[in-house]
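Examining the three-dimensional arrangement
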Amino acid sequence: MNGRHLEELLFRALMVCSILLVTGTCVLVIGVVFLKGAGSLTPDMLLKGSEGGYYLGRGGGIANAILGSLYLAGGAILIATLLALPVAWFLNQYADKSRLAGMIRFFLDAACGIPSIVYGAVVFLLMVAVGQRASLLWGCITVALFITPLLARAMDEVMQMVPSLIREASYGLGATDFETLLYVVTRQALPGLVTAVLLAFGRGIGDAASVLFTAGYTDRIPVSIMDPVATLPLAIFYQVNTPLAEVQSRAYASGFILLVIVLSSCTVSRILSRRLSKYCIH
Amino acid sequence: MNPIIEFNRFSVAIGGTPVLREISLQIPKNGITVIIGPSGCGKSTFLRSINRLNDLVEGLTYQGTLCIDNRNILDPQQDVTELRRRVGMIAQTPNPLPMSIYDNVSYGPFIHGLRDRGKMDQVVRRSLERVGLWTEVEGRLNDPARNLSVGQQQRLCLARAIANEPEILLCDETTSALDPVSARTIEEELRSLSGDYTILFVTHILRQAKRLADFAIFMYLGEVVEWGPADQLFSNPADPRTRQYLEGVL
């Protein structure tokens, strides 16, 4: 066997090792969470909020955190999408390849690198300054701020993939910039845009640090956007380290449900993007 | 001659580098005007000036005038979207929009304000009939345009341009990505359209140029070397460079 064949073999082995390690870790995490969490799942766990205090109360379940997280991430993704789409549009249609676009992209990349706890702290300072308490609204705002740069950059990347031939066809028929953007570029990029939104939703719903100071935590299900709200990541954070087995099991169940939500949003994004690409040009 | 397009000392530069130099010529109304010349001689830039698609190129500047029906389309007051409705374009490779067959054809009329569904159906049908595609796609108008064969896609692009009711059609090597049979079909469609439309056809295939042309323009290194009725230019060129090109020397 000569050196080149040995090299081939060595690097292949390296690749296989990496893949096994990465997928193995993922399977391990999912396995542990499912084993621990599935056992804790009872109808009460899913249908009732925690009772008698989330840290020491033995009764009830995690309905407060499930609904809270869905409200919070739902609101956040709505705000983030409304903010990120115009940014991505602007970057692609009006500023593409200009210095301004380069600066905005750099800025967004930097914003993506800021840890979510920093967003949480900054919004908390703002809340204190204007005399606001932790609530669903402020939680939504913080998560939205934290996922908007991620979402805008992902959308930007997807739209940059739209072939220039397609844009040209639209301009050639007499379309304006915005018509081209709306009917052609966004249409072609739609599968990718939907994937970006659902992945950002997954990021948002799983983040604990950004909501730590801003959304609060409570046994109750919020009835107003000014109420504090429980979330699944914080349900794990607050409940996994108690001495009480019943409370701990709420943390495991929270992890399980969180994982189910994230995996479902991945699956939905796959299915949707396949459906939506029916008309796309390759 | 009854010219519809008139270039007068028309020049184009990109970032200060001249691409087209001092072009002055007239293109007659209706019929097929073929533009020939070696690669990189500025044929595409010449063509894309007429619907101002060149505006998309960064750092591109025009000089001189370019008139359609005696109106200078380089005028800053010119509505580019209306110009592009009147001057349709069919690209080198078929470029269907990411939509259904129906929506591809209705896109132009839609953005130019047609909202009546019944009228739109008629426009779509007439345009597809005009390029001989109607019978092939009648039952599947809602299918993605990308499912059509490449030749059909190019005819769809032609139908899409026609749906805008243009006066001028710009064809940039429109058949070069197609198989010979599809190319022949497109040529025949263009021939049949040439009674009602002014068609400008860029090609570097001489035989095709001779087959199609009523009027011909020979370009070389960003200049128009010679222009005139096709039989005269092909059989008895005035400029030695045209002669050399036709003989395959240049």
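Residues numbered from 1 in each chain as written. Chains lettered and ligands numbered in written order. Predicted model: local features only at pLDDT ≥ 70, side-chain atom pairs only at ≥ 80, totals over all residues.

What to know about the overall build of chain B
The secondary structure content of chain B amounts to 10 helices and 10 strands. Here chain B has a C-alpha radius of gyration of 18 Å; the compact-globule value for 250 residues is 18 Å, and the two agree. Dimensions of chain B along its principal axes, counting C-alpha atoms only, are 55 × 40 × 35 Å. Taken across its 250 residues, chain B has 44% of its residues classed as buried. Counting only contacts in chain B whose residues sit at least 6 apart along the sequence, the fraction spanning at least 24 positions is 69%. (Helix = DSSP H or I, 4+ residues; strand = E, 2+ residues; numbered from the N terminus. Rg over C-alpha atoms; globule rule 2.2 N^0.38 Å. Buried ≥ 20, exposed ≤ 12 C-beta atoms within 10 Å, placed from the backbone. Contact = placed C-beta atoms within 7 Å.)

Quick look at the overall build of chain A
The helix and strand inventory of chain A stands at 11 helices and 2 strands. Oriented by its inertia axes, the alpha-carbon framework of chain A measures out at about 65 × 65 × 35 Å. Restricting to contacts in chain A with at least 6 residues of sequence separation, those with at least 24 account for 75%.

A short note on the sheet that holds strand 7 (residues 168–172) of chain B
Residue and element names in this part refer to chain B. The mixed open sheet is built from 6 strands, whose spatial order is 6-7-8-3-9-10. Taken across any chain shown, the strands that pair with only one partner, and hence form the sheet edges, are strand 6 (87–90) and strand 10 (223–229). Averaged over all pairs of adjacent strands, the angle between strand axes in this sheet comes to 15 degrees, irrespective of strand direction. Where strand 3 (residues 31–36) lies against strand 8 (residues 198–202), 5 bridges are found, and the strand directions are parallel. Note on strand 8: the bridge partner recorded for Ile32 is Ile199. (Pairing = 2+ DSSP bridges. Axes fitted to C-alpha atoms, helices over the stretch in contact; angles between N-to-C directions.)

A word on the interface of chain A and chain B
A common way to state how big an interface is: give the accessible area lost once the parts meet. Between chain A and chain B, the residue contacts involve 19 residues of the former and 24 residues of the latter. If you list the elements that add at least two residues to the side of chain A that touches chain B, you get helix 7 (164–172) and helix 8 (177–205) of chain A. Per element, the largest residue contribution to the side of chain A that touches chain B is 7 residues, and it comes from helix 7 of chain A.

Things to note about helix 1 (residues 43–50) of chain B
All names here are of chain B. Most of helix 1 sits inside the fold, with 7 of its 8 residues counted as buried. Regarding helix 1, the residues found buried are Lys43, Ser44, Phe46, Leu47, Arg48, Ser49 and Ile50. Remark: Arg52 follows helix 1 within two positions and exhibits a positive phi of approximately 55 degrees.

Considering the sheet that holds strand 1 (residues 3–14) of chain B
Residue and element names in this part refer to chain B. The 4 strands are arranged 2-1-4-5 in an open sheet whose pairing can be described as antiparallel. With partners counted over all chains shown, the strands left at the sheet margins are strand 2 (17–28) and strand 5 (71–72), one partner each. With 8 bridges joining them, strand 1 and strand 2 adopt antiparallel strand pairing. From the neighbouring strand, Ile5 faces strand 2, where its bridge partner is Ile27.

Some words on the packing of helix 3 (residues 63–94) of chain A against helix 8 of chain A
Residue and element names in this part refer to chain A. Look at helix 3 against helix 8: their axes get within 9 Å of each other, and the N-to-C directions meet at 145 degrees. Judged by the sense of rotation from one axis to the other, the crossing of helix 3 with helix 8 is right-handed. Only Asp177, Leu181, Val185, Val197, Ala200, Phe201, Gly204 and Ile205 of helix 8 make contact with helix 3, whose side of the interface consists of Ser69, Ala73, Ala76, Ile77, Ala80, Thr81, Trp89, Asn92, Gln93 and Tyr94. (Left-handed = near helix turned anticlockwise from the far one by under 90°.)

Some remarks on the environment of A:Phe201
Residue and element names in this part refer to chain A. By secondary structure assignment, the location of Phe201 is in helix 8. Phe201 gets classed as buried once you count the C-beta atoms within 10 Å, which come to 26. Put simply, Phe201 and Val262 are 61 residues apart on the chain and 8.3 Å apart in space, counted from C-alpha to C-alpha. Not counting chain neighbours up to four residues away, the residues in contact with Phe201 comprise Ala73, Ile77 and Ser265.

Brief notes about helix 7 of chain A
Every buried residue of helix 7 of chain A is listed here: A:Ile166, A:Arg167, A:Ala169, A:Ser170, A:Tyr171 and A:Gly172. On its buried side, helix 7 of chain A packs onto helix 8 of chain A together with helix 2 (80–86) and strand 6 of chain B. The positive-phi residue at the C-terminal boundary of helix 7 of chain A is A:Gly174, with phi of around 95 degrees.

Things to note about unusual backbone geometry
All names here are of chain B. The backbone phi angle of Asn70 is positive, close to 65 degrees, even though this residue is not glycine. Looking at where Asn70 falls in the secondary structure, it is placed in the loop between strand 4 (60–68) and strand 5. By the C-beta count within 10 Å, which is 8 here, Asn70 ends up exposed. Within the chain, Leu221 stands out as a residue other than glycine whose phi angle is a positive 50 degrees. Summarising the element assignment, Leu221 is placed in the loop between strand 9 (215–220) and strand 10. In this structure Leu221 comes out as partly exposed when scored by C-beta crowding, with 13 C-beta atoms within 10 Å.

Focus on the pairing of strand 8 of chain B
Residue and element names in this part refer to chain B. In terms of burial, strand 8 is largely enclosed, as 5 of its 5 residues are buried. Side chains Thr198, Leu200 and Val202 of strand 8 all project onto a buried face; the interleaved residues Ile199 and Phe201 project onto the opposite face, where all are buried too. Pairing analysis gives 5 bridges linking strand 7 to strand 8, with the strands arranged parallel. Counted as the bridge partner of Ile168 is Thr198 from strand 8. Note on the crossover from strand 7 through helix 7 (residues 180–193) to strand 8: the handedness is right-handed. (Right-handed = clockwise from strand over helix to strand, strands pointing away.)

Topic: the packing of helix 4 (residues 117–130) of chain B against helix 6 (residues 150–163) of chain B
Residue and element names in this part refer to chain B. Two elements in contact, helix 4 and helix 6, have axes whose closest approach is 8 Å; the angle formed by their N-to-C orientations is 130 degrees. Taken together, the axes of helix 4 and helix 6 lie oblique to each other. The two elements helix 4 and helix 6 meet at a crossing, and its hand is right-handed. Here Val123, Val124, Ser127, Leu128 and Arg130 of helix 4 come into contact with helix 6, specifically with Ala159, Ile162 and Ala163. Class assignment for the residues of the contact of helix 4 with helix 6 results in 6 nonpolar, 1 polar and 1 charged. (Parallel < 35°, antiparallel > 145°, perpendicular 65-115°, else oblique. Nonpolar A, V, L, I, M, F, W, Y, C, P; charged D, E, K, R; others polar.)

Overview of the environment of A:Gln93
In this structure, A:Gln93 sits in helix 3. Apart from residues lying up to four places away in sequence, A:Gln93 is in contact with A:Asp177 and A:Leu181.

Here's the deal with the environment of B:Thr198
Residue and element names in this part refer to chain B. Here Thr198 lies in strand 8. A residue is classified by how many C-beta atoms lie within 10 Å of it, and Thr198, with 24 of them, is buried. Sequence-wise, Thr198 and Ile168 are 30 residues apart; in three dimensions their C-alpha atoms are separated by 4.7 Å. Apart from residues no more than four positions distant in its own chain, Thr198 is found in contact with Ile4, Ile27, Lys29, Asn30, Glu167 and Ile168.

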